[in-house]
Amino acid sequence: RKQKKRRTHVEDDAQEKTGGEKVPKSFVVRRGKVPALVRELIKDVRKMMSPFTALKLKERKSNNLKDFVALSGTLGVSHMLCFSTTEMGTYLRLGKLPRGPTMHFRVDQYCLCKDVAASQRRPHSPGTEFLSPPLVVLNNMQSEDRHVKLTDIMVQNLFPAIDVDTAKLAQCRRVVLFRRDPETGDFDVRHYVVHIKVAGLTRGVRKIVRKKALPNLSKYQDISEYVTGGGGMSDSEPEDAEDSKVEIQAGQRAIEGIRGPRRSKEEEAAAVKLVEIGPRLRLQLLKIEEGFCEGEVLYHHHVSKSPEEIAKLREEMNRRKADKDARKRLQRENVEKKKHAEERKHGRGAGKEEEEEAHPLDYTGDHEHSESDDDAAYYRQQVGHDAEEGTFQTHKRKERGEDGR
């Protein structure tokens, strides 16, 4: 029987639009030489930003930020995360393409995904959770300070928005947490995967329900020992908390089954659990620039200026910008003048070459007349009498030319 191909992908319009807006996309790059651990950190951050990021992006030494900005419009990239390393430490620049603003962070501490997994007794095995964007949770971001509000807006726009009416529980698989420390002002970044399991079942019963094969019961006298004993669960592993239980409606795909989220046949209680998968970041905001890696400094962690100094710096910046625009305009005009001069020069040279090449092959009227005379003489010599009128076309043109027509 001929098999019918099923739909295995989501349409681009439905996947790249949420709430009627385009989904934000990002570049995660490095500038300059960075250690091997920072390169691993960049890969982990790309996984955290997936699926709307370039996972296999390769930078060259000849590439600069202007190259990525030029490509951003064609590829629809809206944000850039740039890592760099100096003698003082590791830094992160988060910018909105193409006109800013740009936030400069110092990475005080970081932990890779493999280190997080090594510290866990039962680390999470990666699956299909990276096919959907993560949920963003902001904590302690309510403040009247301007730089905190800008950070809040930038982080929210870094990930796709969620439409509560059309969002599917099966796509809510990851969580990215941004927490601001109210005492120090630093930002903590955490990355979790969401586990949803049936509530009210012990670990032993859950193993029997989820797995096709029966567990090893050779060391138990009765199956009740396995069920009441938790199926080998350690004493340090907690039970389902009451505040983590939610109600799953019938027909929803949320509770984990043998092959990913399964469809609930009826309304049932489920327990939500977050498992950290990394990376971990602790960021300190240093400054905020108005443009993309340039422009007026809107906030600086170490330097504060009076309104008079700010006005003076703004005036100086506007003057430099005007001078730069004037130089660009003058350079553009000079390029156009040189281009027109080259076109005129090549135009005259090409005309001379054509004249020189066409002169030996130029067929004049006398040459045509001589060819017609030669043909008529050859015909007269071979046949013995003159050819009829109109036999040779060139001879006919000659006669018309004599008549003045």
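Remember, predicted model here, so these are calculated numbers, not experimental data. (Residues numbered from 1 in each chain as written. Predicted model: local features only at pLDDT ≥ 70, side-chain atom pairs only at ≥ 80, totals over all residues. Heavy atoms only, no water.)

Visitor: Hey, could you run me through the layout of surface pockets in this one?
Guide: Take a probe with the size of a water molecule and roll it over the atoms, and the empty space left behind shows itself. By volume, the second largest pocket amounts to about 870 Å³. In terms of lining residues, the second largest pocket is bounded by 21 residues, among which Gly291, Glu294, Gly295, Lys321 and Lys324 are the most central. Elements represented by at least two residues in the lining of the second largest pocket include exactly helix H3 (65-75) and helix H8 (307-358). Here the lining of the second largest pocket gets 9 residues from one element, more than from any other, and that element is H8. A breakdown of the residues in the lining of the second largest pocket according to their chemical character gives 6 nonpolar, 3 polar and 12 charged. (1 Å grid on protein atoms, 1.4 Å probe; cavity = no way out; pocket = protein on both sides within 12 Å on 5 of 7 lines; lining within 4 Å. Points joined across faces, edges and corners; volume = space filled by probe spheres on them. Helix = DSSP H or I, 4+ residues; strand = E, 2+ residues; numbered from the N terminus. Nonpolar A, V, L, I, M, F, W, Y, C, P; charged D, E, K, R; others polar.)

Visitor: Is there a simple way to think about the nonpolar core in this case?
Guide: The nonpolar side chains of a soluble globular protein tend to be buried, and buried together. Ranked by size, the top nonpolar core spans 29 residues in total, and within it Val45, Phe83, Phe105 and Leu283 carry the most contacts. If you list the elements that add at least two residues to this core, you get helix H2 (36-49), strand S4 (79-85), strand S5 (90-96), strand S6 (102-111), helix H5 (146-158), strand S8 (174-180), strand S9 (187-198) and strand S14 (280-289). No other element matches the 6 residues that H2 contributes to this core. In this structure, Phe105 is in contact with Tyr91, Leu92, Leu94, Phe187, Leu283, Gln284, Leu285 and Leu286, ignoring residues within four places of it in sequence. (Core = buried A, V, L, I, M, F, W, Y, C linked by side-chain atoms within 4.5 Å. Buried < 20%, exposed > 50% of the residue type's maximum accessible area, 1.4 Å probe, protein only. Contact = heavy atoms within 4.5 Å.)

Visitor: Can you help me understand the packing of aromatic side chains in this one?
Guide: We describe a pair of aromatic rings using the distance from one ring centre to the other and the angle between the two ring planes. Within this structure, the stated rule accounts for 2 aromatic pairs. Ring geometry for Phe27 and Phe68: centres 5.9 Å apart, planes at 65°, overall edge-to-face. Of this pair, Phe27 sits in strand S3 (residues 26-30) while Phe68 sits in helix H3, and the two are 41 residues apart along the sequence. When sorted by exposure, Phe27 lands in the same class as Phe68, which is buried. (Phe/Tyr/Trp six-rings, centres within 6.5 Å; stacked < 30°, edge-to-face > 60°.)

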